Amino acid sequence: ETGVTQTPRHLVMGMTNKKSLKCEQHLGHNAMYWYKQSAKKPLELMFVYNFKEQTENNSVPSRFSPECPNSSHLFLHLHTLQPEDSALYLCASSHNPAVGAEAFFGQGTRLTVV
Amino acid sequence: SQQGEEDPQALSIQEGENATMNCSYKTSINNLQWYRQNSGRGLVHLILIRSNEREKHSGRLRVTLDTSKKSSSLLITASRAADTASYFCATVASSNTGKLIFGQGTTLQVKP
């Protein structure tokens, strides 16, 4: 248990569906991240939020829409996804990204787009 | 450009042997971190080494950093079957400390 909780753990959705991934951290961290992990590819940084403000958008398609209502919660809203979006989506948080602090990861959501 | 390229991509050893994984990166860094991932699970932080440090130890782990060669190594001594996992290096760039960029990882198998 790392203190970062992701729900759901598994999700199967059709290409026309709308769903949301949720991430919650109880560590008092200021920064939260979304990563995508596909088979045989490095973890891809998608979004970074620092003090609820988005500080990085790594050229992510608009069918992925993040939301950070407060420093403890992070959502990833999904709509009209493609089969190639199937992957493990990992959320992470860290205390102070300005000094390059370590990241704590959730267990991930395994997403399958059919 | 992608930071943190690991070598080898896969490593298989016997229990009790040492395992060495290498990581190379491209730009100036603030620090370099190593993470472990069991199959299909989240990543767990192992150790962080700052750009002004050359070597760091944590239990059976030893990390080195050579900023002139832009490379790092992770040594796991006296390996155990439970060390079987994927290991990733990740870098925090000097120019943008808000991003943690991962390499492709090394898959380690320790045979009992």
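Everything in this summary refers to the structure shown in the same document. Source: prediction; values computed, not measured.

Turning our attention to the environment of A:Glu102. Checked against the element boundaries, A:Glu102 lands in the loop between strand 9 (87-94) and strand 10 (103-105). Expressed as a C-alpha distance, the spacing of A:Glu102 and A:Phe51, which sit 51 residues apart in the sequence, is 17 Å. Not counting chain neighbours up to four residues away, the residues in contact with A:Glu102 comprise A:Ser93, A:Ser94, B:Gln33, B:Tyr35, B:His45 and B:Leu48. There is a polar contact of 3.4 Å between the side chain of A:Glu102 and the side chain of B:His45.

Residues and elements named next belong to chain A. A sheet is described by the order of its strands in space; here 4 strands give the open sequence 1-3-8-7, paired in antiparallel fashion. The sheet is open, and its two edges are formed by strand 1 (4-7) and strand 7 (64-70), each paired on a single side. In this sheet, adjacent strand axes meet at a mean angle of 20° when their direction is disregarded. With 4 bridges connecting them, strand 1 and strand 3 (residues 18-25) associate as antiparallel partners.

Facing the 24 residues of chain A at the interface are 24 residues of chain B. Counting each side, the surface lost to burial between chain A and chain B is near 1800 Å², with a carbon and sulfur contribution of 51%. Connecting chain A to chain B are 1 salt bridge. B:Lys99 is paired through a salt bridge with A:Glu56; the nearest N and O atoms lie 3.8 Å apart. At the boundary of chain A and chain B, one finds 5 residue pairs in polar contact (both at pLDDT 80 or more). Within the residue set of the side of chain A that touches chain B, elements represented by two or more residues are strand 4 (31-37), strand 5 (44-50), strand 9 and strand 10 of chain A. Here the side of chain A that touches chain B takes 3 residues from strand 4 of chain A, the largest share from any one element. Residue composition of the side of chain A that touches chain B, by class: 14 nonpolar, 5 polar and 5 charged.

Moving on to the nonpolar core. With 22 residues, the main nonpolar core has A:Trp34, A:Phe64, A:Leu76 and A:Leu78 as its most contacted residues. Residue assignment for this core shows that the elements contributing at least two residues are strand 2 (10-13), strand 3, strand 4, strand 5, strand 7, strand 8 (73-79), strand 9 and strand 11 (109-113) of chain A. Filtering out sequence-adjacent residues up to four positions away, A:Leu76 remains in contact with A:Lys19, A:Ser20, A:Leu21, A:Trp34, A:Met46, A:Phe47, A:Phe64, A:Ser65, A:Pro66 and A:Tyr89. Counting 21 residues, the second largest nonpolar core, distinct from the first, contains B:Ala19, B:Leu74, B:Leu108 and B:Val110.

With that settled, consider the pattern of salt bridges. Residues and elements named next belong to chain B. Within this structure, the stated rule accounts for 7 salt bridges over all chains. The shortest N-O distance in the salt bridge between Glu-53 and Lys-56 comes to 3.9 Å. Overall, the relative accessible area of 24% leaves Glu-53 in the partly exposed class. The salt bridge involving Arg-60 is made with Asp-83; its shortest N-O contact spans 2.9 Å. Here Arg-60, found in the loop between strand 6 (55-58) and strand 7 (61-66), pairs with Asp-83, found in the loop between strand 8 (71-76) and strand 9 (85-93); they are 23 residues apart in sequence, far enough to count as distant. Classification of Asp-83 as buried rests on a relative accessible area of 7%.

Turning our eyes to something else, we now look at the sheet that holds strand 7 of chain B. Residues and elements named next belong to chain B. Taken in spatial order, the 5 strands make up an open sheet running 1-3-8-7-6, and their pairing is antiparallel. One side of each edge strand has no neighbouring strand; the edge strands of this open sheet are strand 1 (5-7) and strand 6. Strand after strand, the sheet turns through a mean of 20° between neighbouring axes, direction not considered. In terms of strand pairing, strand 3 (residues 19-24) meets strand 8 through 6 bridges, oriented antiparallel. Opposite Thr-20, over in strand 8, you have Leu-75 as the bridge partner.

Definitions and cut-offs
- Residues numbered from 1 in each chain as written.
- Chains lettered and ligands numbered in written order.
- Predicted model: local features only at pLDDT ≥ 70, side-chain atom pairs only at ≥ 80, totals over all residues.
- Heavy atoms only, no water.
- Helix = DSSP H or I, 4+ residues; strand = E, 2+ residues; numbered from the N terminus.
- Contact = heavy atoms within 4.5 Å.
- Polar contact = N/O pair within 3.5 Å; in protein donor to acceptor, adjacent residues only side chain to side chain.
- Pairing = 2+ DSSP bridges.
- Axes fitted to C-alpha atoms, helices over the stretch in contact; angles between N-to-C directions.
- Buried area = accessible area lost by both parts, 1.4 Å probe.
- Salt bridge = Lys/Arg side-chain N within 4 Å of Asp/Glu carboxyl O.
- Nonpolar A, V, L, I, M, F, W, Y, C, P; charged D, E, K, R; others polar.
- Core = buried A, V, L, I, M, F, W, Y, C linked by side-chain atoms within 4.5 Å.
- Buried < 20%, exposed > 50% of the residue type's maximum accessible area, 1.4 Å probe, protein only.

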